[in-house]
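# Report on the structure
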Amino acid sequence: MKTELHTEFTIEAICKGFVYNTLEGKGLYGLNGQLIIQPEYQRNYIYADGKRDVAVIDSVLKEYPLGLIYFNRRPDGMLEILDGQQRITSIGRFVTGKFSVKDKNGMEQYFSGMNEEIQKKINETKLLVYICEGEEEEIKDWFKTINITGIPLNEQEFLNALYSGSFVTKAKETFSNSNSPKITIWSDYVSGSANRQDFLHTALEWVATHNAQTIEQYMSIHRNDDNINELKTYFDTVIDWIDATFKDTTNEMKNLEWGRLYETYYKNPYNPDELWDRVTALLADDFVTNNKGVFEYVLGGETDKTLLNIRIFDERTKKAKYQQQTNDAEQKGESNCPLCAVSNTPNKNKIWKLSEMDADHVTAWSKGGSTDISNCQMLCKTHNRAKGNK
């Protein structure tokens, strides 16, 4: 790959013809249409928070170095930003009046309202730009290398870079648009940011798993597709199934493995009223310590109690119950395991050590039994395992 340092690029030149797409939240073009600010392998613009974007402008005003910026020259002669799109987009947004900065007196100042001397200072600020030329694989490898520092790319941002093309372009238009009204619905089940590709990553994870593929395999196969019909349809189908199955939403529903749950349970019929009644009851149960497991528990017919991580008897309760049972058993001349005591086995009169016994619910938790000393009994390990949920 060939690189060449350029020192002639000024802010005024780079921001000439600057276009910013507010809907998608990204810079599009600069340098009079010759510079692609956010090629598809780039992450979304994430500096629009009133802090990082302002810090870029403060650096310009204080003549602090902005660091190296890298452009890639494409075969058609167009330039695209390899590194520096967050800084350049922030500068472009500022000079086109998208946000303001505070002066030394704390007054808000937009670029157009600044005096000519300060405007000139900003416009004439020169940027250090390396222009690179090479094969796509070389450019992508270099892109990854220079993004090790700063705010690192997350997994999906790297995958977008690796498999950039028409499919990623379409997918980002739908799933990476922070202004999409659908985000409100998606956020009930998926946490994260559209700008950081969290919704896109989840959608790809679900559809790839459905096809018995990894995300990388799915993106590679569909890289040059001009539509995302399967991706969008499958994601919408899972979301619609959740909405239809559960009458309401709770914070515990975020980031569950909804794709897997859909594949496992979508063929089962449910009564949404009864299902939600059980969900709310279990979420309110003090003995349930894994609230996120409630949803798969009810979908699966309430058979796998390990999903709920039911609160077990504490050591103090177990010791107190053991001592009580042992004292009574010794007086009666029988085993301190009540099930051994009524058996016709050699253990009928055996006094078990505490370490040889387990705490058991007299009335099973699933049948309404509480997890306190009044519903506790100590059983030898063999009988406790045999008792199960009886």
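Right, let's walk through the structure included here.

## A word on the overall build of the protein
The helix and strand inventory of the protein stands at 17 helices and eleven strands. Whereas a compact globule of 390 residues would reach a radius of gyration of roughly 21 Å, the protein reaches 31 Å, over 25% beyond that. Based on the C-alpha atoms only, the size of the protein along its principal axes is roughly 100 × 50 × 40 Å. Across the 390 residues of the protein, 45% fall into the buried class. Summarising the internal contacts of the protein: among those between residues at least 6 apart in sequence, 62% fall at separations of at least 24. Per element, the accessible surface of the protein, about 20200 Å² overall, is 49% carbon and sulfur. Seen as two clouds, the 46 positive and the 57 negative side-chain charges of the protein have centres 5 Å apart.

## Examining a nonpolar patch on the surface
Side chains of L5, L68 and L128 sit close together on the surface and give an oily, nonpolar patch of about 240 Å² of accessible area. Mapped onto the elements of the fold, L5 is located in strand β1 (residues 2–6).

## Structural notes on the side chain of S343
Within the secondary structure, S343 is located in the loop between α16 (338–341) and β10 (357–361). There is a polar contact of 3.0 Å between the side chain of S343 and the side chain of T345.

## Some remarks on the nonpolar core
Within the largest apolar cluster, 51 residues are counted, with the highest numbers of intra-cluster contacts made by L231, F246 and W258. Counting only elements with at least two residues in this core, the list comes to α7 (166–175), α8 (183–186), α9 (198–210), α10 (215–221), α11 (229–245), α12 (258–265), α13 (272–283) and α14 (294–299). Once residues lying within four places of it in the same chain are set aside, the contact partners of W258 are Y189, W206, V238, W241, I242, F246, M253 and F295.

## Section: the state of the cysteines
Taken as a whole, this structure holds zero disulfides when the rule is applied. No disulfide involves C376; its sulfur sits 12 Å from the nearest other cysteine sulfur, which is in C337. With no disulfide of its own, C380 has C340 as its nearest cysteine by sulfur position, at a separation of 3.7 Å.

## Observations regarding the pattern of salt bridges
Here the structure, examined in full by the defined rule, presents 16 salt bridges. Here E63 ties to K121 by a salt bridge, and the two come within 3.8 Å at their closest N and O atoms. One end of the pair, E63, is in the loop between α2 (52–61) and β5 (69–73); the other, K121, is in helix α4 (residues 116–123), with 58 residues separating them in the sequence. A relative accessible area of 33% means that K121 is categorised as partly exposed. Salt-bridge contacts for R196 lead to E157; the nearest nitrogen and oxygen are separated by 2.8 Å. Pair noted here: R196 is in the loop between α8 and α9 and E157 is in helix α6 (residues 155–162), with a separation of 39 residues, a long-range link. With relative accessibility at 21%, the residue R196 sits in the partly exposed group. When its relative accessible area of 1% is taken as the criterion, E157 is described as buried. A network of salt bridges, in which partner residues are shared, links K2, R73 and E133.

## A look at the packing of aromatic side chains
Inspection of every chain in the model, using the stated rule, returns 22 aromatic pairs. Site record: aromatic cluster; members linked through ring pairs are Y189, Y234, W241, F246, W258, Y262, Y266, W276 and F295. Here the basic side chain of R93 rests over the ring of Y20, its NZ or CZ set 5.1 Å away from the ring centre. Note that K350 overlies the ring of W352, its terminal NZ or CZ placed 4.0 Å from the centroid.

## Things to note about the environment of N291
With respect to the helices, strands and loops of the structure, N291 is situated in the loop between α13 and α14. Ignoring sequence-local partners within four residues, the contact set of N291 consists of E252, L282 and L283.

## Regarding helix α3 (residues 85–95)
When you tally the buried positions in α3, you get eleven out of eleven residues, the bulk of the element. Here α3 has its buried residues at Q85, Q86, R87, I88, T89, S90, I91, G92, R93, F94 and V95. Directly beyond the C-terminal end of α3, a positive phi value near 80 degrees is found at G97.

## Description of the environment of A359
Here A359 lies in strand β10. We classify A359 as partly exposed; its relative accessible area is 23%. Considered as a pair, A359 and L379 are 20 residues apart in the sequence and their alpha carbons are 6.5 Å apart. Filtering out sequence-adjacent residues up to four positions away, A359 remains in contact with F313, K318, C376, Q377, M378 and N384.

## A short note on the sheet that holds β5
Taken in spatial order, the seven strands of this open sheet run β1-β9-β5-β6-β4-β3-β2, and their pairing is mixed. Of all the strands in the sheet, the pair left with one neighbour each is β1 and β2 (19–21). Pairing geometry for β1 and strand β9 (residues 129–133), over five bridges, is antiparallel. Counterpart to H6 in the pairing with β9 is V129. Lying over the sheet, α3 contacts β2, β3 (26–30), β5 and β6 (79–83), oriented at roughly 120 degrees with respect to β6.

Each value, and the rule that gives it
Residue indices begin from 1 for each chain and proceed along its sequence in written order. Predicted model: local features are reported for residues with pLDDT of at least 70 only, side-chain atom pairs are reported and counted for 80 or more only, and whole-chain, interface and lining totals are derived from all residues. For the side-chain quantities, the full set of heavy atoms in the structure was used; hydrogens and water were omitted. Runs of H or I in DSSP of at least four residues are treated as helices and runs of E of at least two as strands, each being numbered from the N terminus. Each radius of gyration is computed over the set of C-alpha atoms, and the globule rule expresses the reference value as 2.2 Å times the number of residues to the power 0.38. Only protein chains enter the accessibility calculation, which uses a 1.4 Å probe. A residue is then buried if its area is under 20% of the maximum for its type, exposed if over 50%, and partly exposed in between. By definition in these notes, contact holds between two residues if any of their heavy atoms fall within 4.5 Å. The protein chains shown are the only cover counted for residues, whose accessible areas, like all others here, come from Shrake-Rupley with a 1.4 Å probe. His is not counted, nor are the chain ends; Lys and Arg add positive charge and Asp and Glu add negative charge. Every charge is mapped onto a representative atom, which is NZ of Lys, CZ of Arg, CG of Asp or CD of Glu. Put simply, a patch holds well-exposed residues, over 30% relative accessible area, that have no salt bridge, with like charges counted together within 9 Å and Val, Leu, Ile, Met, Phe, Trp or Tyr side chains within 5 Å. A carboxyl oxygen of Asp or Glu within 4 Å of a side-chain nitrogen of Lys or Arg is what we treat as a salt bridge. Two N or O atoms count as a polar contact when they lie within 3.5 Å, although within protein this holds only if one can serve as hydrogen donor and the other as acceptor, and sequence-adjacent residues are included solely when both atoms are side-chain atoms. Definition used in this section: a nonpolar core is a set of buried Ala, Val, Leu, Ile, Met, Phe, Trp, Tyr and Cys residues joined via side-chain atoms within 4.5 Å. Only a pair of cysteine sulfur atoms within 2.5 Å qualifies as a disulfide here. Any pair of Phe, Tyr and Trp rings, taking the six-membered ring for Trp, is counted once the centres come within 6.5 Å. Such a pair is stacked with planes under 30 degrees apart, edge-to-face with planes over 60 apart, and tilted for the rest. In this analysis the charged atom, NZ for Lys or CZ for Arg, is taken to sit over a ring once it is within 6 Å of the ring centre and within 35 degrees of the ring normal. Pairs of strands are assigned from DSSP output, requiring at least two bridges between the strands. Lines are fitted to the C-alpha atoms to define the axes, a helix being fitted only along its stretch in contact, and any angle between axes, read from their N-to-C directions, falls within 0 to 180 degrees.

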